[in-house]
Structures are given as structure tokens and as C-alpha cells.
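Coordinate inspection notes
These are the residues of each chain, in order.
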Amino acid sequence: MSAPAGPSMISLEQLTKSYPGQVEAAVQSLDLEVPEGEIVVLVGPSGCGKTTTMKMINRIIEPTSGVIRLQGEDVTHSPADQLRRRMGYVIQQIGLFPHLTIEDNVAVVPRLLKWSGDRTRARVDELLDLVGMDPSVYRSRYPKELSGGQRQRIGVARALAADPPVMLMDEPFGAVDPIAREKLQNEFLRLQEELRKTIVFVTHDIDEAIKMGDRIAVLREHSVVAQYDTPERILSDPADAFVAEFIGAGASLKRLGLARVRDYPYADWPVAAISDGPQAALAALDRSDETSLLLLDDQRRPLRWVQRQDLQAAGASLDRAGMAVRAMVEPTATLAGALDAMVSSRTGGVVVVDGRGGFLGTVDMGVIMKAAEDMRAAAQDSARSGGPLMRAASGT
Amino acid sequence: MTAGTLTADSGRPVDPVDPDDPLSRQTAKAGGGARPWFQLLGLPVVLALSLVACLVYVQTAPLDSIEARLLDPGGLLSATLRHLQLVGVSTVVVVALAVPLGILATRPAARRIVPFVVGLGNVAQGVPSLGVLVLFAVLYGIGFWPVIVALVLYAFLPILRNTIVGLQQVDPFVVESARGMGMSSGAVLRRIELPLAVPVILAGVRTAAVINVGTATIATLTNAGGLGDVIYQGITLNRTSAIVVGSVLAGVLALLIDYLGGLLEQALRPQGL
Ligand SMILES: Nc1ncnc2c1ncn2[C@@H]1O[C@H](COP(=O)(O)OP(=O)(O)OP(=O)(O)O)[C@@H](O)[C@H]1O
Ligand SMILES: [Mg+2]
């Protein structure tokens, strides 16, 4: 993720907005490069100018001064309507047209661009499929006949309609409940894997920023960039007290949410196959420093945790000894997920299994502590060596 | 006017059944599908019966010679048509003036003049219609057009106000997302704002037309005809029968216009609202 930034899709240069009748500028001399194909999240406290900044990109709000470039081209004064047809636009309130069917809502920009009827119709169906809504069911419904989450999906589909290279999204998942939001976020990230749009995403929720962003711009008052960096580096190495405070407590925990189990060496817990018998198991336990051992079945699937006294008391049989394994994760799980499984099963470790349930290794507190340390060190290193995305000069 | 409440439960077709709303399901079931035509026909039947009653009275009651002249069926018919003409022409003129003004007043550049414009409309309506009419009669002489001017002034406010309110109540985020998708401001007005404002604007037109039916009775004062002739002569000549028949005809006309306006509102209301 901290790969060098690609060519800029959007460049903001000394962008400033002063609302009439206000002494201080809402956005003050902002410089920002948005690399092609990435999600850049603007995050910051309420009223810091995130929305104003985003709306200047498609000139819903006209900047007072400064330059906006789209793929290098100065679009600060180009015709706004044409410019906007090249940018998808999703707002928290969605703003679906209540008197138009879902099909007509999604078809607005294709029709503005004078696509043929057949092409538009095919595109609408494709998009409804893409956002997981059956076209035959929803095509001719009206917005009021949809749930909040469904409307939000249509909002996204509508913005994607003419396949614009850029998407502007202002708190797009802000109006739905946390469960639906989580789902929409995951769906959107999956979509983005394929679509590779350049996205400017506004939120005031740092957790959403960390989850959605390839890069995060933490803004303070007047849209001054406090730090512009990858989520990892913002978490590991906040530029100043403002950023640190904005991340809030639990930066390490949040970082664990970015790391995958498969990327770290597993812990070295003793294992034994149940068919080898108690003596072999006891021997394996003796060879290690641990106090318990993991029993596997014939297909090497985890069965139970057993301790020394279980093995000694059980006599000849291992069939019932020990405690069933409850915490299991797959290698794609995050370390935060592993920790959660560990805590909620009240055991000292989680078992990592492959797709068929076969034993791969275990993750325990030691692994997680070490991973957290490594991540902090790595992020600090890369911050010190400086990437293409230096921290914004502080004190601007 | 009770006209509003009358159409409120007679002119509205059954809403599509909302499965989540037990009330709507109940009413739909109670109506058993018979509700639309039953409700739609209710008012016209009552109005037709009133007309027939008038006609029968005029034909059969012992009338003196003055009454016979005032209540001549041919004369009544032409007075009614004349009345309808006054209302129709004035309503068309006032719509043609007040709706564009309302649209202009809600454009961003002109938003600040809204209170001023509405204030003018208020003044126009606050002035007694009779006074306006007399003023215009003095200025421009008697006849058809002074009455139209008076009626237009009088009906201006409801339509202007409803146009402004109708456009203002359109969700600003709907407008913003339309602009954000690259629709020109003209296209947003035509395809988003006006369709969404139609129900409110039409309600204003309907109110204005109904008000005009009543107000148009003063046309008789400038010799412009209409049902006012029948009523005012009934008053001056002390013939209650003429007053009653003239008033009933005007009332029927008002209710009929309100009813038709209701149907029009239903027909033009965009789906999905
Ligand atoms: N139309 C406007 N006229 C005047 N001032 C405005 C206008 N819109 C925003 N502002 C001011 O500009 C500043 C930045 O507002 P903006 O909406 O960009 O903040 P934001 O970061 O999006 O906040 P939030 O997280 O609450 O949405 C605020 O102080 C706000 O009061
Ligand atoms: Mg905002």
C-alpha cells in the first residue's frame, strides 16, 4: 500500500474558498495530489472544510482562488456541466430523484451523454447487478420503495453509470445503521478492486478512513493538511499531537485491523495426531516449553487442547481428553480478528486453519505483540526515509 | 369554502397498497375495489341533482313576470357560460403571469426578492376586490377586461405563493445531486424541480380558480355579465328565487371546477411521490 503514488488524477493547487460574509476561509491554500486508481480519504473534525474541499473538485462550490487539475488539464474554469459528467458524485443524503424509477435515476448521465437506448438499458442492468440488486425486481421501482441501504447502492450505481474515472463521495455510508454500513463498505471495496476508480472519499470517522483509504488526508481547521499518508503510517507515526488525538486511543488495535494473519510467523505450539496415542503426545509436550498441546484428527484438523495432567490421567485413550478448540481463523483474517477470537473464546491462542479446516499453525499473544512492534518499527522507518508522500510540512 | 374537504375524500384514487401499512390494507379491503368509481361519481351526482332541482323549480314554480325574466333557462345558461369564460380567461392569464414569476423568484440570483414579491401579492389580495374593480372601471371604463384584471390581481397570490413554496420544498440535495451529475440549471428546473412542484402549484391554481368563481359575480358591476347579473338583480328587485338559483349555479360551478382540478392534480402528480 505504501507503493509510490501513481500519476496524479486530481491536483489541487493553492485551492481556497472564502464564503461571502465570513472572515476566515473555509479552505485555505490547500495543495493535494490524488493518485490515479486510489481511494483518498479526507478526514477531520466537523466543520474543518472536508465537504467544501470535495465540492470544489466538481465545482458545485466555486473556488475563490487556486487551480484544479484533472489528469493534468486545468479545469478551474472549464464548463462545469461537462466536467461533472466525468465525475461520479455520491452524497450522504443520496438525492435520488423521487419521481423517477430506479432505471431512470441510474440512466440520467448516460442520457445526458446521449447514449443509445439499448446501450443505456444494458448499462443500467449491469450496474444494478454490480451493486447486488436484481434488475428485474428493482428496475421499475421508485426510490421510496427501497430501504436506506438499497437507496445508497443505487446512489453508487447512478454515480458509476457513465463509467467516470473519478468518484467524489461525501459520507456516502453515513445515513445507514452500523451493520448495513459495514456491509456497504465491504461491497464497495470489492467493487473498487475491479473498477480501480480514483476516489475522493469524505468522512469524519477515522475508523472508516482507515478501512477505506489507500491514503488518508487528516485535515484540521480551514482544510489544512495535518498529515497525508497511508493508513499504516498515520497510525504508526502520527505527524503531530492533533493527528494523534484524532486517531484517538487504540491506534495499535486499529493497526492490527490492517494486518493479516498469513503475513506473520505462526507460534510454535506442540501438536500430536490423536492416532499416535498419549505417549507420543506426552513426548511432544515434553519437547516444548508450553503447558498444553493441540490434538489433531487423521485429516490434521484441530480437535482439542490437552494439558499434561489430561494426558497422564487419560490412560490409554485420547478420545475425551482436554478442551474443544473453539477459536479458529483462516489466514486471510486480520490480527484484530484473531485477537477478538482469542479473547472471546477465553483461550491463550487461536488455531489457524486452511479452507478445508486443516491445521496450519497457531497465533498467540506473543505473535500479536511481535507483529504490533514490527509494524510500528517498519512504519517509522518508512516515514523517516520519506516516500513520494511526505508528511505535510507542519505548522502551515 | 368547503370544496377542499369535499374533494379530499371524493377525488383521490386509492393509493397502491402498502404491505407494511395495515391501515392502507384495511381501507383497500373495505373499499373492495368499488371505492374509486363510487367516490369519483359521488360529487358529480350531487351536483347534477342540484342542477336538476333548480331546473325543475324554474320550470314548474309559479313565477311572476320579473322572476320569469330573471330565471329564463336560456338566459341562465348564457350567464353561466359567461361566468365560466370570466373564470377561465382570468385563470389562464394569472397562471401565465404568476407561475413564471414564482419560478424567477426562486432562482438563486433572485432569491433575496422573494419576500418582496410575496409582499406585493399579499397587498394585491388584501385590497378588496370590489375596490379594485371600481378603480379599474374608473380608469379603463366598463366591460370585460377590467374584470379580468381584478380577478387576476385577486388570484395572483395563491398561485405565486404555491409556485414558490412548491419549488422551495423540493429537497435541496435532490437538486444538488442533479447538478452534480452535470444537468444544466434549465434541465434541473424542467426535469426535476417543476415535476416535483407540480402538485403544490396545481393546488394553488385550483384554489385560485375556485376563488375566482365567487369573485367573478362582481363582474355585473361593470356590465360584464355572468351569474352576478342574476344574483344582484335578485337582490335589487327583491326576488329571493333569483338569488337562490344564481347562488346555487355559482356554487355548483365552484364545486365542479374544484372537482375537475382535483382530477387534474391526480393525473399530473408524478408517480413515485
Ligand atoms: N454555504 C456556506 N456558507 C457559509 N459558510 C459555509 C457554507 N458551507 C460551509 N460553511 C462553513 O465552512 C466551514 C467548512 O464547512 P464544511 O461543510 O466544508 O465542513 P465539513 O468538514 O464537511 O464538516 P462536517 O464533518 O460537519 O460535514 C464551516 O465552518 C462551515 O460553517
Ligand atoms: Mg461535510
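The coordinates are above.
Residues numbered from 1 in each chain as written. Chains lettered and ligands numbered in written order. Predicted model: local features only at pLDDT ≥ 70, side-chain atom pairs only at ≥ 80, totals over all residues. Heavy atoms only, no water.

Within chain A one finds 16 helices and 17 strands. Summarising its shape, the C-alpha atoms of chain A cover approximately 85 × 55 × 30 Å along the three principal directions. Residues classed as buried in chain A amount to 52% of the 396 residues present. Of all intrachain contacts in chain A linking residues separated by at least 6 positions in sequence, the fraction that spans at least 24 positions is 62%. Carbon and sulfur atoms provide 50% of the accessible area of chain A, an area that totals close to 17,900 Å². Computed over 45 positive and 53 negative side-chain charges, the separation of the two mean positions in chain A equals 4 Å. (Helix = DSSP H or I, 4+ residues; strand = E, 2+ residues; numbered from the N terminus. Buried < 20%, exposed > 50% of the residue type's maximum accessible area, 1.4 Å probe, protein only. Contact = heavy atoms within 4.5 Å. Areas by Shrake-Rupley, 256 points an atom, 1.4 Å probe, with all protein chains shown as cover. Lys, Arg positive; Asp, Glu negative; His and termini not counted. Charge placed at Lys NZ, Arg CZ, Asp CG, Glu CD.)

Turning next to the sheet that holds strand S5 (residues 73–74) of chain A. Residues and elements named next belong to chain A. Sheet architecture is open: four strands sit in the order S2-S1-S4-S5, paired in antiparallel fashion. The open sheet terminates on both sides in strands that have one partner only, identified here as strand S2 (27–35) and S5. Of the pairings in the sheet, the one linking strand S4 (residues 65–70) to S5 comprises two bridges and is antiparallel in character. When the bridges of S5 are listed, Leu 70 appears paired with Glu 73. Docked against the sheet, helix H1 (residues 50–57) engages strand S1 (8–17), S2 and S4, running at close to 120° with respect to S1. (Pairing = 2+ DSSP bridges. Axes fitted to C-alpha atoms, helices over the stretch in contact; angles between N-to-C directions.)

Time to look at the nonpolar core. Counting residues in hydrophobic clusters, the biggest one holds 53 residues, and the most contacted among them are Leu71(B), Leu76(B), Leu86(B), Val147(B), Ile159(B) and Val245(B). Of all the secondary-structure elements, those providing two or more residues to this core are helix H3 (35–60), helix H5 (73–106), helix H6 (114–126), helix H7 (129–140), helix H8 (144–168), helix H10 (185–215), helix H11 (227–236) and helix H12 (240–268) of chain B. In terms of residue count, H8(B) provides more of this core than any other element does, 13 residues in total. Ignoring anything within four residues of it in the chain, the contact list for Leu76(B) reads Val58(B), Leu70(B), Leu71(B), Val230(B), Val245(B) and Leu249(B). Among the nonpolar cores identified, the runner-up in size contains 44 residues, and Leu96(A), Val124(A), Ala161(A) and Val176(A) belong to it. (Core = buried A, V, L, I, M, F, W, Y, C linked by side-chain atoms within 4.5 Å.)

Taken as a whole and assessed by the stated rule, the structure comprises 27 salt bridges over all chains. Lys55(A) serves as the salt-bridge partner of Glu176(B), at 3.1 Å between the closest nitrogen and oxygen. Residue Glu176(B) is located in helix H9 (residues 172–180), and its partner Lys55(A) is located in helix H1; the two belong to separate chains. Since its relative accessible area comes to 14%, Glu176(B) is described here as buried. Taking relative accessible area as the criterion, Lys55(A) reaches 11% and is therefore assigned buried. If you follow the salt bridges from partner to partner, you end up with Asp81(A), Arg84(A) and Arg179(B) in one network. (Salt bridge = Lys/Arg side-chain N within 4 Å of Asp/Glu carboxyl O.)

This part takes up the pairing of strand S17 (residues 359–364) of chain A. Residue and element names in this part refer to chain A. Burial analysis of S17 places five of its six residues in the buried class, the great majority of the element. Bridge analysis of strand S16 (residues 349–353) against S17 gives five bridges, and the strand direction is antiparallel. The residue bridging Val 352 from the neighbouring strand is Gly 361, located in S17. Hairpin connection of S16 to S17: five residues between the antiparallel strands, including Gly 357 at a positive phi of 95°.

Residue and element names in this part refer to chain A. Strand order in the open sheet formed by three strands is S15-S16-S17, with mixed pairing between adjacent strands. Among the strands making up the open sheet, the edge pair consists of strand S15 (328–329) and S17. In terms of strand pairing, S15 meets S16 through two bridges, oriented parallel. Paired with Val 329 across the bridge in S16 is Val 352.

Another point: helix H15 (residues 335–345) of chain A. Residues and elements named next belong to chain A. Where H15 is concerned, the buried positions are Leu 335, Ala 338, Leu 339, Ala 341, Met 342 and Ser 345. Angularly, the buried residues of H15 cover 160° about the axis, an arc narrow enough to put them on a single face. With respect to the buried face of H15, the exposed residues turned more than 90 degrees away are Asp 340, Val 343 and Ser 344. Arg 346 lies just past H15 and shows a positive phi near 55°. (Arc of directions from axis to C-beta.)

On to a nonpolar patch on the surface. Residue and element names in this part refer to chain B. On the surface, Leu 130, Val 134, Val 138, Leu 221, Tyr 232 and Ile 235 cluster together into a nonpolar patch covering about 550 Å² of accessible area. At the level of elements, H7 and H11 are the ones that each hand at least two residues to the nonpolar patch. Of all the elements, H7 adds the most residues to the nonpolar patch, at three residues. Mapped onto the elements of the fold, Leu 130 is located in helix H7. We classify Leu 130 as partly exposed; its relative accessible area is 40%. (Patch = residues over 30% accessible without salt bridge, like charges linked within 9 Å, V, L, I, M, F, W, Y side chains within 5 Å.)

Residues and elements named next belong to chain A. For ligand 1, the full set of nearby residues is Tyr 19, Gln 22, Ala 26, Ser 46, Gly 47, Cys 48, Gly 49, Lys 50, Thr 51, Thr 52 and Glu 171. One of the backbone N or O atoms of Cys 48 is found 3.2 Å from an oxygen atom in ligand 1. Within the side chain of Thr 51, one N or O atom sits 2.6 Å away from an oxygen atom of ligand 1. Contact with the protein chains hides 59% of the accessible area of ligand 1, taken as 630 Å² for the molecule alone. (Near = heavy atom within 4 Å. Polar contact = N/O pair within 3.5 Å; in protein donor to acceptor, adjacent residues only side chain to side chain.)

Taken by themselves, the reported measurements are silent on function.
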